[in-house]
Amino acid sequence: MEGSDSYLIRPNHQHKFKAAVVKECIRDVVRERLGGVQYDPEAAPDLSRSLADSIKDRVKTNSSCSSPSFPVDVGFDRYKLVVQVVIGEQRGQGVKMSSRCLWDADTDNYAEDVYINDSLFCVVAVFGSYYY
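Every chain is numbered independently, its residues counted from 1 as its sequence is written. Since the coordinates come from a predicted model, pLDDT governs what is reported: local features require at least 70, and pairs of side-chain atoms require 80 or more to be given and counted, while whole-chain, interface and lining totals use all residues. As a rule here, side-chain values cover all heavy atoms of the structure and leave hydrogens and water aside.

- An unreviewed UniProt entry annotates the protein as Dynein light chain Tctex-type protein 2B isoform X1 originating from Betta splendens.
- UniProt positions are given in the numbering used here, feature names are shortened, and annotations may be inferred rather than shown by experiment. Check the Sequence similarities (unreviewed entry) section of the UniProt entry for the protein; it says "Belongs to the dynein light chain Tctex-type family."

Pasting the structure below:
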């Protein structure tokens, strides 16, 4: 936020939270990190934390996201990012997840992605809340 106008109460249109950009970042990181991984209940908590940190870092910097059509500086520096990662064993069961949040519909948004292989499932949600 250094060097930015601190009196802005709304992001510029080009700096709004872009769910499509974030979803591509999520997809890239999850496929890169979980490709070929087998579910291990002992390793799942650490893997979830590590995956959440990697996703947050990638979204903040927008580095190496798969779409070259988006600018490198996406302007998320005034956004509080909350990353939720759930990893579970894949046994063909159904899973329902929900979350609640109080936010400004004009500035705040979220992106999510689901990854499934033969052994595990992973649900990732990234919430972007504009910091006034």
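### Side note on the overall build of the protein
In step 1: Where helices and strands are cited, they refer to DSSP runs of H or I of at least four residues and of E of at least two residues respectively, numbered from the N terminus. A tally of helices and strands in the protein yields two helices and three strands.
In step 2: Start at the N end of the protein and walk to the C end: the helices and strands fall as α-α-β-β-β.
In step 3: Considering the protein as a whole, with its 132 residues, one finds that 36% of them fall into the buried category.
In step 4: Contact criterion: two residues are considered in contact whenever any of their non-hydrogen atoms come within 4.5 Å of each other. Once local pairs closer than 6 in sequence are excluded, the contacts in the protein between residues at least 24 apart make up 77%. A simple rule labels every residue: compare its accessible area, found with a 1.4 Å probe on the protein chains alone, to the largest value its type can have, and call it buried under 20%, exposed over 50%, or partly exposed in between.

### Some thoughts on the packing of helix 1 (residues 19–34) against helix 2 (residues 44–61)
In step 1: Interaxial angle, 0 to 180 degrees, is taken between N-to-C directions of lines fitted to C-alpha atoms, where a helix line uses only the stretch in contact. It is the contact of helix 1 with helix 2, at a shortest axis distance of 9 Å, that shows an interaxial angle of 140°. Considering the angle they form, helix 1 stands oblique to helix 2. At the point where helix 1 passes helix 2, the crossing takes the right-handed sense. The residues of helix 2 that touch helix 1, namely those facing Val22, Cys25, Ile26, Asp28, Val29, Val30, Glu32, Arg33 and Leu34, are Leu47, Ser50, Leu51, Ser54, Ile55, Arg58 and Val59.
In step 2: A breakdown of the residues in the contact of helix 1 with helix 2 according to their chemical character gives 10 nonpolar, two polar and four charged. Angular relationships are summarised with four words: roughly parallel below 35 degrees, roughly antiparallel beyond 145, roughly perpendicular across 65 to 115, and oblique for the angles in between. Less than a right angle of anticlockwise turn of the near helix away from the far helix marks a crossing as left-handed, whereas a clockwise turn marks it as right-handed. Ten residues, namely Ala, Val, Leu, Ile, Met, Phe, Trp, Tyr, Cys and Pro, are considered nonpolar, four, namely Asp, Glu, Lys and Arg, are considered charged, and the remaining ones, Gly among them, are considered polar.

### Things to note about the packing of aromatic side chains
In step 1: Note on ring pairs: Phe, Tyr and Trp rings are taken, using the six-membered ring of Trp, and paired if centres are within 6.5 Å. Classes follow the plane angle, with under 30 degrees stacked, over 60 edge-to-face and the rest tilted. Summed over all chains, the structure comprises seven aromatic pairs.
In step 2: For the pair Phe76 and Tyr79, a centre-to-centre distance of 5.8 Å together with 75° between the ring planes defines the contact as edge-to-face.
In step 3: Owing to a relative accessible area of 3%, Tyr79 belongs among the buried residues under this scheme.
In step 4: Centre to centre, the rings of Tyr79 and Tyr130 are 5.3 Å apart; their planes meet at 70°, and the pair counts as edge-to-face.

### Things to note about the nonpolar core
In step 1: The set of buried Ala, Val, Leu, Ile, Met, Phe, Trp, Tyr and Cys residues whose side-chain atoms join them within 4.5 Å is what this entry labels a nonpolar core. Residues Leu51 and Ile55 are the most contacted members of the largest nonpolar core, which totals 23 residues.
In step 2: Among the elements of the structure, helix 1, helix 2, strand 1 (79–89), strand 2 (109–116) and strand 3 (120–130) are those that each provide at least two residues to this core.
In step 3: With six residues, the top contributor of residues to this core is helix 1.
In step 4: Those residues in contact with Leu51 that sit more than four places away from it in its chain are Val29, Val30, Arg33, Leu34, Val85, Ile87 and Cys122.

### Some words on the side chain of Ser119
In step 1: In this fold, Ser119 is placed in the loop between strand 2 and strand 3.
In step 2: Distance and chemistry together define a polar contact, namely a pair of N or O atoms within 3.5 Å, with one atom able to donate a hydrogen and the other to accept it when in protein, and with adjacent residues in sequence counting only for side-chain atoms on both sides. Engagement of the side chain of Ser119 in a polar contact is seen with the side chain of Gln38, the distance being 3.4 Å.

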